[in-house]
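Architecture and fold: a report
If you want the building blocks of each chain, they are given just below.
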Amino acid sequence: MQTNRVKAALRNQQAVAGPFINEARSVSLVKVMALAGFDFLLFDTEHAMHDMETIADLVQMALACDICPLVRVTDLAYPLVARALDTGAQGVIIPRVETRDQAEAAISFIKYPPLGRRGAGGDARNGYERRDAKAAVDESNAETMAILQIETQLGVENLEEIASVPEVDVICLGPLDLSISLGIPGQFAHPVFIETVQQIVAVCLPLGIACGHVEKEASALQRWYDIGMRFLVCNSDGNMIVQGAYRDVATLRTFRNND
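Criteria and thresholds
- Residues numbered from 1 in each chain as written.
- Predicted model: local features only at pLDDT ≥ 70, side-chain atom pairs only at ≥ 80, totals over all residues.
- Heavy atoms only, no water.
- Core = buried A, V, L, I, M, F, W, Y, C linked by side-chain atoms within 4.5 Å.
- Buried < 20%, exposed > 50% of the residue type's maximum accessible area, 1.4 Å probe, protein only.
- Pairing = 2+ DSSP bridges.
- Helix = DSSP H or I, 4+ residues; strand = E, 2+ residues; numbered from the N terminus.
- Axes fitted to C-alpha atoms, helices over the stretch in contact; angles between N-to-C directions.
- Contact = heavy atoms within 4.5 Å.
- Polar contact = N/O pair within 3.5 Å; in protein donor to acceptor, adjacent residues only side chain to side chain.
- Salt bridge = Lys/Arg side-chain N within 4 Å of Asp/Glu carboxyl O.
- Right-handed = clockwise from strand over helix to strand, strands pointing away.
- Phe/Tyr/Trp six-rings, centres within 6.5 Å; stacked < 30°, edge-to-face > 60°.
- Lys NZ or Arg CZ within 6 Å of the ring centre and 35° of its normal.

So, about the nonpolar core. Grouped together as the largest cluster of nonpolar side chains are 55 residues, with contacts concentrated most on Phe43, Leu148, Ile171 and Ile200. Counting 18 residues, the second largest nonpolar core, distinct from the first, contains Cys68, Leu70, Ile93 and Val170.

This is the structure:
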């Protein structure tokens, strides 16, 4: 298995960034994102409509381009986590984690024995390299990332227990759902939201767990970086298209307004 350079960077407290991939089906976009300089791509199967065959193609292209492929699964269920990892993904993000039991289950799905109960099979999981069985298991357990998403007030209340589960690499906020749960929908500058983010960072950093946040604008991530977040989910492929389209149409209207 390829070295997971995102996991290595976070271990050294270095920031990493990458977008959600919700719309693209073409492997060409993977190469474009890699050439742009992103560290990871987060392929979303929770809210996007990709099938697993498409995810496998995109993940394998990401490995070939040396950009870390991560997959967000729809829910905490073994078949969903196992299938995502069998595409060759170097990590999974689990949405809506609220309890220690859920965190323990997530780790058990992600890791091979003795750390978990993941089953071994298929060639894509090793990038089609022929690996000794023990080496493949050891490398995967070492390199595969476990990213748990905190999206509710209950998850925040139970964060110390969740973060104490061994092998958790990243705690990533789901900002919109978290703000809704806190009773301040979409108010990311609200003092309650900012205090909650600070609380999450204060719990995770002493345990060596990186914290993550999601924003549509790269500039908006600086305040979260300054608080201590290093896993920066920056925009999405669909929103990049929207931003570019609206910008170009506005520019065109500046010299076409007399037509």
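That shown, we press on.
Taken together, the 8 strands give a closed barrel; going around it, the order is β1-β2-β3-β4-β5-β6-β7-β8, and neighbouring strands pair in parallel fashion. The mean angle between the axes of side-by-side strands here comes to 25°, regardless of whether they run parallel or antiparallel. Along the sheet, helix α3 (residues 52-64) makes contact with β2 (40-44) and β3 (68-72), crossing β3 at roughly 155°.

Once that is clear, we can look at the side chain of Ser108. Relative to the helices and strands, Ser108 is located in helix α5 (residues 100-110). Of the polar contacts made by the side chain of Ser108, one reaches the backbone oxygen of Ala105; its length is 2.7 Å. The contacts of Ser108, once residues within four sequence positions are left out, are Gly116, Arg117 and Arg118.

With that out of the way, let us pick up the pattern of salt bridges. This structure, assessed with the given rule, holds 15 salt bridges. With a shortest N-O distance of 3.9 Å, Glu167 and Lys111 are connected by a salt bridge. Of this pair, Glu167 sits in the loop between α8 (159-163) and β6 (170-173) while Lys111 sits in the loop between α5 and α6 (133-143), and the two are 56 residues apart along the sequence. A relative accessible area of 0% places Lys111 in the buried class. Several salt bridges converge on common partners, so that one network encompasses Asp44, Glu46, Arg72, Asp75 and Arg96.

This part takes up unusual backbone geometry. Following Pro113, the chain continues into Pro114 via a peptide bond in cis, with omega recorded as 10°. Residue placement: Pro114 occurs in the loop between α5 and α6. At Gln13, a position not held by glycine, the phi torsion is positive, near 65°. With respect to the helices and strands, Gln13 occurs in the loop between α1 (5-11) and β1 (16-21). The exposure class assigned to Gln13 is exposed, which follows from its relative accessible area of 66%. Its identity as a non-glycine residue notwithstanding, Tyr128 has a phi of 70°, on the positive side. Following the sequence through the fold, Tyr128 ends up in the loop between α5 and α6. Tyr128 gets classed as exposed once you look at its relative accessible area, which sits at 52%.

Side-chain alternation along strand β4 (residues 91-94) places Gly91 and Ile93 on one buried face and Val92 and Ile94 on a second face that is also buried. Examined bridge by bridge, β3 and β4 share 2 bridges and lie parallel to one another. The residue of β4 that forms the bridge with Arg72 is Ile93. Between β3 and its parallel partner β4, the chain crosses via helix α4 (residues 78-86), and the hand of that crossover is right-handed. Across 4 bridges, β4 lies against strand β5 (residues 145-150) in parallel orientation. Within the sheet, the bridge partner assigned to Ile94 lies in β5 and is Leu148.

Among the 6 residues of strand β7 (residues 210-215), 6 are classified as buried, and the element is accordingly described as predominantly covered. Summarising the sheet, β6 and β7 pair through 3 bridges and their orientation is parallel. Bridge pairing in β7 places Val170 opposite Ala210. Crossover connection from β7 via helix α11 (residues 222-227) to parallel strand β8 (residues 231-236): handedness right-handed.

Our next topic: the packing of aromatic side chains. This model, assessed by the stated rule, comprises 4 aromatic pairs. Relative to Phe109, the ring of Tyr78 lies with its centre 5.6 Å away and its plane at 75°, an arrangement referred to as edge-to-face. Separated by 31 residues along the polypeptide, Tyr78 in helix α4 and Phe109 in helix α5 bring together distant segments of the chain. Classification of Tyr78 as partly exposed rests on a relative accessible area of 22%. Overall, Phe109 belongs to the buried group, its relative accessible area being 9%. When the ring of Phe193 is compared with that of Trp224, the centres are 5.9 Å apart and the planes differ by 75°; the resulting orientation is edge-to-face. Of this pair, Phe193 sits in helix α10 (residues 191-204) while Trp224 sits in helix α11, and the two are 31 residues apart along the sequence. In terms of burial, Phe193 and Trp224 fall into one category: buried. Each member of the aromatic cluster is reached from another via a ring pair, and the members are Phe188, Phe193 and Trp224. One residue, Arg117, lies across the ring of Tyr78, its end atom 5.1 Å from the ring centre. Between the NZ or CZ atom of Arg230 and the centre of the ring of Tyr225, over which it lies, the distance is 3.8 Å.

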